[in-house]
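Spelled out, the chains give:
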Amino acid sequence: MSVVDSYPLGAATTLAELARDPHPRLALLRAQEPVSWLPELDGWLVTRRDLALSVMRDAGTFTVDDPRFSTAQVVGPSMLSLDGDHHALHREPFTAPFRPRAVRDGFAAFIEQETDRLITMLEPTGATELRRAFAGPLAVAVVTEALGLIGTTGDTVLAWYDDIVQSVSDIAAGHEAGPAGVAAYTQLRTAVEVTVADRSSSSLLVSAAGQLTVPEVASNAAVLMFGGIETTEAMITNALLHLLRHPDQLALVRADAELLDGAIEESLRLEPGAAVVDRYATQDTVLGPATIHRGDLVTVSLTGANRDPAVFPEPDLFDVRRENGRLQLAFAHGPHYCLAAHLARLETRIALQHLLERLPALRLDPGHPAAPYGLVFRKPPTLHVRWDRVA
Ligand code: HEM
């Protein structure tokens, strides 16, 4: 029997379905083929939480370090594309600025100020599309602040980001990448050189340059940029969508601000902004019911793992008081656990708190329905909202 015949549910699964509304199919797969071969993916899809953890914990067997990894083809090797000692070498210089206390001290005031600036611009209009008018600009501003590149504005960072994403997407789709991504990366690298040469700069890149070469710092700076924009935009947009879609849960949060953290974890659980992470098998191995061969692509569905009923009772329910919501895996697990999870949480918390406080009766615009979409990065393409203007 061929691998395709052994996994009938996987064979019937399309990537289009997983991009549009993955949850019913992921529930079936998790129950019947928790490690399944998907011909459309040309790889395995892991949907059960315990098996997802096994993969992400074991970087020796399931590595990111593979020539097929598209990001590394554009920006070179970085913490995101290395494992073992090399990974530790690239990640360690960046860890201190992203610890909880450093994040609070270093970013809270900036995020509050930027959030308020954006809301003040929106306030008089009474209606907007929040993803492009708020979540995106805030995510870009915070990453720009975190990188601290001399002479570089948010607009420049966004332009580089767009070009690099385009090249990575081209490569991931099997096409040849255009020159724009490489050109953008070259400019980013020059900005990194200028910044690290200025020892008076307080950029986190300067201290990293004490431990890594300048090209290595530049690759990791690109990954910080790459990792921090799309995902945070998604995290904020998805959390707002969940709250506005569930007025009963929103009322709980309005009555007790402490529950905002629960709402954010629930949203990360139900719709993680990065829906999957990819690994490559370094050897033949057995994972749950599946026999995996050396070189096989193993994709972990964070979305699937996050609705595993063995851990989360009534897994499809958005429950801001869920006690174990923090067991969600939106920031992955193991050595590649998101470097900036504390920053992303702080940013989303401040964004939501200020929006709810400053825009009275914030609600979804019924004329523009919103739903998350996407195979790898998931969020509503638009989030149209209205509020009552203060007279
Ligand atoms: C300021 C915002 C953010 C920054 C700067 C950032 C940066 C990073 C970096 C540098 C890594 C690589 C860590 C490593 O390989 O050792 C990473 C990993 C990751 N991040 Fe973030 N991140 C941010 C926000 C987010 C958000 C909002 C999400 C999801 C909602 C997210 C999900 C992930 C995931 C799933 C990984 C693991 C990738 C893998 O295992 O292959 N990140 N992030």
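Here the structure is shown first, and the text comes after it.
Please read all numbers here as calculations on a predicted model, not as lab measurements.

Re the pattern of salt bridges
Two side chains of opposite charge can pair, provided their charged atoms sit close to one another.
No. 1: Under the definition given, this model contains 17 salt bridges.
No. 2: The salt bridge partner of Arg 117 is Glu 114, with a shortest N-O separation of 2.8 Å. Taken together, the residues span about one helical turn, with Arg 117 and Glu 114 both in helix H8 (residues 100-122) at a distance of three residues.
No. 3: Between Asp 365 and Arg 386 there is a salt bridge whose closest N-O contact spans 3.4 Å. Of this pair, Asp 365 sits in the loop between strand S9 (363-364) and strand S10 (384-386) while Arg 386 is found in strand S10, placing the two residues 21 residues apart along the sequence.
No. 4: One network of salt bridges, with partners in common, ties together Asp 116, Glu 123 and Arg 358.

Description of the coordination of the iron atom of the ligand
No. 1: Of all protein atoms, Cys 338 (SG) alone acts as a donor to the iron atom of the ligand, lying 2.3 Å away.
No. 2: Position of Cys 338 relative to the elements: it lies in the loop between helix H16 (302-305) and helix H17 (341-358).

Re the packing of helix H10 (residues 154-172) against helix H13 (residues 214-245)
No. 1: Look at H10 against H13: their axes get within 10 Å of each other, and the N-to-C directions meet at 95 degrees. Taken as axis vectors, H10 and H13 run roughly perpendicular relative to one another. Contact residues: H10 offers Val 157, Trp 160, Tyr 161, Ile 164, Val 165 and Val 168, while H13 offers Met 225, Phe 226, Ile 229 and Glu 230.
No. 2: Tallied by class, the residues present in the contact of H10 with H13 amount to nine nonpolar, no polar and one charged.

A short note on the site of the ligand
No. 1: Near the ligand, the surroundings consist of 26 residues, among which His 87, Arg 91, Arg 279, His 336 and Cys 338 are the closest.
No. 2: Note that an oxygen atom of the ligand is positioned 2.7 Å from one of the side-chain N or O atoms of Arg 91.
No. 3: Interatomic distance of 3.3 Å between a backbone N/O atom of Gly 227 and a nitrogen atom of the ligand.
No. 4: Contributing elements (two or more residues each) for the shell around the ligand: helix H7 (84-95), H13, strand S5 (276-281) and H17.
No. 5: Here the element with the most residues in the shell around the ligand is H13; it accounts for seven residues.
No. 6: Its residues assigned to classes, the shell around the ligand comprises 17 nonpolar, seven polar and two charged.

Brief notes about the nonpolar core
No. 1: Judged by nonpolar contacts, the single largest core of 86 residues is most densely connected at Phe 134 and Leu 205.
No. 2: By residue number, the principal contributor to this core is H13, which donates 16 residues.
No. 3: Setting aside its immediate chain neighbours within four residues, Phe 134 contacts Thr 115, Leu 118, Ile 119, Leu 122, Ile 236, Ala 351 and Leu 355.
No. 4: Leu 51, Leu 287, Leu 302 and Leu 329 belong to the second largest nonpolar core, which has 22 residues in total.

Side note on the environment of Ala 159
No. 1: Residue placement: Ala 159 occurs in helix H10.
No. 2: Each C-alpha atom, one on Ala 159 and one on Leu 122, is 23 Å from the other, the two residues being 37 residues apart in sequence.

Re the sheet that holds S9
No. 1: Read from one edge to the other, the open sheet built from three strands follows the order S4-S10-S9, with strand pairing classed as antiparallel. The two strands at the open ends of the sheet, each matched to only one other strand, are strand S4 (127-129) and S9.
No. 2: Bridge count for S9 against S10 is two bridges, and the pairing is antiparallel. Across the sheet, the residue bridging to Leu 364 is Val 385, located in S10.
No. 3: Along the sheet, helix H9 (residues 130-147) makes contact with S4 and S10, crossing S4 at roughly 65 degrees.

Thoughts on a nonpolar patch on the surface
No. 1: On the surface, Leu 375, Val 376 and Phe 377 cluster together into a nonpolar patch covering about 200 Å² of accessible area.
No. 2: Here Val 376 shows up in the loop between S9 and S10.
No. 3: Under the relative-accessibility criterion, Val 376 is labelled partly exposed at 37%.

Reading guide: rules and limits
- Residues numbered from 1 in each chain as written.
- Predicted model: local features only at pLDDT ≥ 70, side-chain atom pairs only at ≥ 80, totals over all residues.
- Heavy atoms only, no water.
- Salt bridge = Lys/Arg side-chain N within 4 Å of Asp/Glu carboxyl O.
- Helix = DSSP H or I, 4+ residues; strand = E, 2+ residues; numbered from the N terminus.
- Donors = N, O, S within 2.8 Å, 3.2 Å for Na, K, Ca; no water.
- Axes fitted to C-alpha atoms, helices over the stretch in contact; angles between N-to-C directions.
- Parallel < 35°, antiparallel > 145°, perpendicular 65-115°, else oblique.
- Contact = heavy atoms within 4.5 Å.
- Nonpolar A, V, L, I, M, F, W, Y, C, P; charged D, E, K, R; others polar.
- Near = heavy atom within 4 Å.
- Polar contact = N/O pair within 3.5 Å; in protein donor to acceptor, adjacent residues only side chain to side chain.
- Core = buried A, V, L, I, M, F, W, Y, C linked by side-chain atoms within 4.5 Å.
- Buried < 20%, exposed > 50% of the residue type's maximum accessible area, 1.4 Å probe, protein only.
- Pairing = 2+ DSSP bridges.
- Patch = residues over 30% accessible without salt bridge, like charges linked within 9 Å, V, L, I, M, F, W, Y side chains within 5 Å.
- Areas by Shrake-Rupley, 256 points an atom, 1.4 Å probe, with all protein chains shown as cover.

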